Amino acid sequence: MRKLIAGNWKMNGLRADGAALARDLVSRAAKSPPSCDLLVCPPATLLAEIGSLLAGSRIALGGQDCHAEPKGAHTGDVSAPMLKDAGCAYVIVGHSERRQNHHESDATVRAKATAGLGAGLIPIVCVGETAAQRDAKQHLSVCGGQIAGSLPEIAGAGQLVVAYEPVWAIGTGRTPTTTDIAEVHAFIRAELKKRVANPDAVRILYGGSVNAKNAAEILGVANVDGALVGGASLDGASFWTIAQAAG
Ligand code: PGA
């Protein structure tokens, strides 16, 4: 399966920074197109502008979250049809920073993923255990519970991406061993087999401290169909090295 390298810019970048990074990625893509799919997920304020800069390139645009409702009295929220309208093809839902900081439940994440599908977006549903859960050897049951509760029920082939992001690996510089990554990704694949029509078409991304140095090793693990990259996606050269490691 062609891998997907997705950059999650999180709450980083003013207009000038975002535009400079997008231009840098577009010029790299024109010079040496990687043999993977590419996605950037900028903050909501930059979506429309980055979308126009990416137009005609092979780099897709995604949102970092969406509301479950298409419109209405939800101050501060952004809906899935708004993301689509801004040029997005994907939306990240259930990132651990949303689950923790905004108390999002599995049911909320499922509603958001379903809203994304309804608007014609491909949801990237994030799951992953905390350090305490990993220490208690609950990582599989935690990820299994999140998959059972957060995956949209109507996902068909190619319409869904799952990201395994151990919370303790995000932004910490710590990553699981390749054996640990392989264990969870194989488990997620097996869970998908129980739930979706075409489980082998669902890309399972690894996320959490992926960088230019460790990308090749992580992307070489079985059932790792790409990466969700935070910090290292803010640097064009690092993101490009990761993208090339996916080819
Ligand atoms: P990180 O973030 O690469 O900075 O660890 C990954 C993520 O949270 O998606």
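Criteria and thresholds
Residues numbered from 1 in each chain as written. Predicted model: local features only at pLDDT ≥ 70, side-chain atom pairs only at ≥ 80, totals over all residues. Heavy atoms only, no water. Salt bridge = Lys/Arg side-chain N within 4 Å of Asp/Glu carboxyl O. Helix = DSSP H or I, 4+ residues; strand = E, 2+ residues; numbered from the N terminus. Buried < 20%, exposed > 50% of the residue type's maximum accessible area, 1.4 Å probe, protein only. Near = heavy atom within 4 Å. Polar contact = N/O pair within 3.5 Å; in protein donor to acceptor, adjacent residues only side chain to side chain. Areas by Shrake-Rupley, 256 points an atom, 1.4 Å probe, with all protein chains shown as cover. Nonpolar A, V, L, I, M, F, W, Y, C, P; charged D, E, K, R; others polar. Pairing = 2+ DSSP bridges. Axes fitted to C-alpha atoms, helices over the stretch in contact; angles between N-to-C directions. Expected span 1.5 Å × (residues − 1). Contact = heavy atoms within 4.5 Å. Arc of directions from axis to C-beta. Left-handed = near helix turned anticlockwise from the far one by under 90°. Parallel < 35°, antiparallel > 145°, perpendicular 65-115°, else oblique.

1. Some words on the pattern of salt bridges
Side chains carrying opposite charge are able to pair once their charged atoms draw close together.
Point 1. Summed over all chains, the structure comprises 17 salt bridges.
Point 2. A salt bridge links Lys10 to Glu97; the nearest nitrogen and oxygen atoms lie 2.9 Å apart. Of the two residues, Lys10 is situated in the loop between β1 (4-8) and α1 (15-31) and Glu97 in helix α4 (residues 96-101); the sequence distance between them amounts to 87 residues.
Point 3. Accessibility expressed as a relative area gives 29% for Glu97, which makes it partly exposed.
Point 4. Across the pair Lys112 and Asp65 runs a salt bridge, and its minimum N-O distance is 2.8 Å. Residue Lys112 is found in helix α5 (residues 106-118), and its partner Asp65 is found in the loop between β3 (59-63) and α3 (80-85); the two are separated by 47 residues along the sequence.
Point 5. Via salt bridges that share partners, Asp65, Arg98, Glu104 and Lys112 belong to a single interconnected network.

2. Some remarks on the site of the ligand
Point 1. Near the ligand there are 13 residues, and of these Lys10, His95, Glu165, Gly171 and Ser209 occur at the shortest range.
Point 2. In the model, an oxygen atom of the ligand is placed 2.7 Å from a nitrogen or oxygen of the Ser209 main chain.
Point 3. Contact distances for the ligand include 2.8 Å between an oxygen atom and a backbone N or O atom of Gly231.
Point 4. For the ligand, whose accessible area on its own is 280 Å², the fraction buried by protein is 95%.
Point 5. Looking at side-chain class alone, the shell around the ligand contains 4 nonpolar, 7 polar and 2 charged residues.

3. Considering the sheet that holds β3
Each strand in a sheet pairs with its neighbour through backbone hydrogen bonds, running either in the same direction (parallel) or in the opposite one (antiparallel).
Point 1. Pairing is parallel around the closed barrel formed by 8 strands, whose spatial order is β1-β2-β3-β4-β5-β6-β7-β8. Within the sheet, the average angular offset between the axes of one strand and its neighbour, ignoring direction, is 25 degrees.

4. Structural notes on helix α7 (residues 139-150)
Point 1. Here α7 contains 12 residues, and its C-alpha end-to-end distance of 16 Å stays within 8% of the 16 Å for a straight helix at 1.5 Å per residue.
Point 2. Those residues of α7 not exposed but buried are His139, Val142, Cys143, Gly144, Gln146, Ile147, Gly149 and Ser150.
Point 3. Against α4, α5, β5 (122-127), α6 (131-135), β6 (161-164) and α8 (178-195) lie the buried residues of α7.

5. Let's talk about α1
In an α-helix, one full turn covers 3.6 residues, which means residues spaced three or four apart are oriented alike.
Point 1. If you check α1, its first and last C-alpha atoms are 24 Å apart, about what 17 residues at 1.5 Å a residue would give, namely 24 Å.
Point 2. The set of residues buried in α1 consists of Gly18, Ala19, Leu21, Ala22, Leu25 and Ala29. The buried residues of α1 occupy an angular sector of 165 degrees when projected down its axis, which confines them to one face. Exposed and facing more than 90 degrees away from the buried side of α1 are Ala16, Arg23, Ala30 and Lys31.
Point 3. Check the buried side of α1 and you find it contacts β2 (37-41), α2 (47-54), β3 and α10 (236-245).

6. Some details on the packing of α7 against α8
Point 1. The geometry of α7 relative to α8 is characterised by a closest axis approach of 10 Å and an angle of 35 degrees between their N-to-C directions. Where α7 crosses over α8, the two elements pack in a sense that is right-handed. Judged by residue contacts, His139, Leu140, Cys143, Gly144, Ile147 and Ala148 of α7 engage Glu183, Val184, Phe187, Ile188, Glu191 and Arg195 from α8.
Point 2. The class makeup of the residues in the contact of α7 with α8 is 7 nonpolar, 2 polar and 3 charged.

7. Focus on the packing of α1 against α2
Point 1. Two elements in contact, α1 and α2, have axes whose closest approach is 9 Å; the angle formed by their N-to-C orientations is 20 degrees. Relative to α2, the element α1 is oriented roughly parallel. Handedness of the α1/α2 crossing: right-handed. Of the residues in α2, those touching α1 at Arg15, Gly18, Ala19, Ala22, Arg23 and Val26 are Glu49, Ile50, Leu53 and Leu54.
Point 2. Each residue belonging to the contact of α1 with α2 can be placed in one class, and the counts come to 6 nonpolar, 1 polar and 3 charged.

8. Remarks on unusual backbone geometry
Point 1. One non-glycine residue, Lys137, lies in positive phi territory at about 60 degrees.
Point 2. Relative to the elements of secondary structure, Lys137 occurs in the loop between α6 and α7.
Point 3. Its relative accessible area of 69% is what places Lys137 among the exposed residues.
Point 4. One non-glycine residue, Ser209, lies in positive phi territory at about 60 degrees.
Point 5. Among the residues examined, Ser209 registers a relative accessible area of 16% and is labelled buried.

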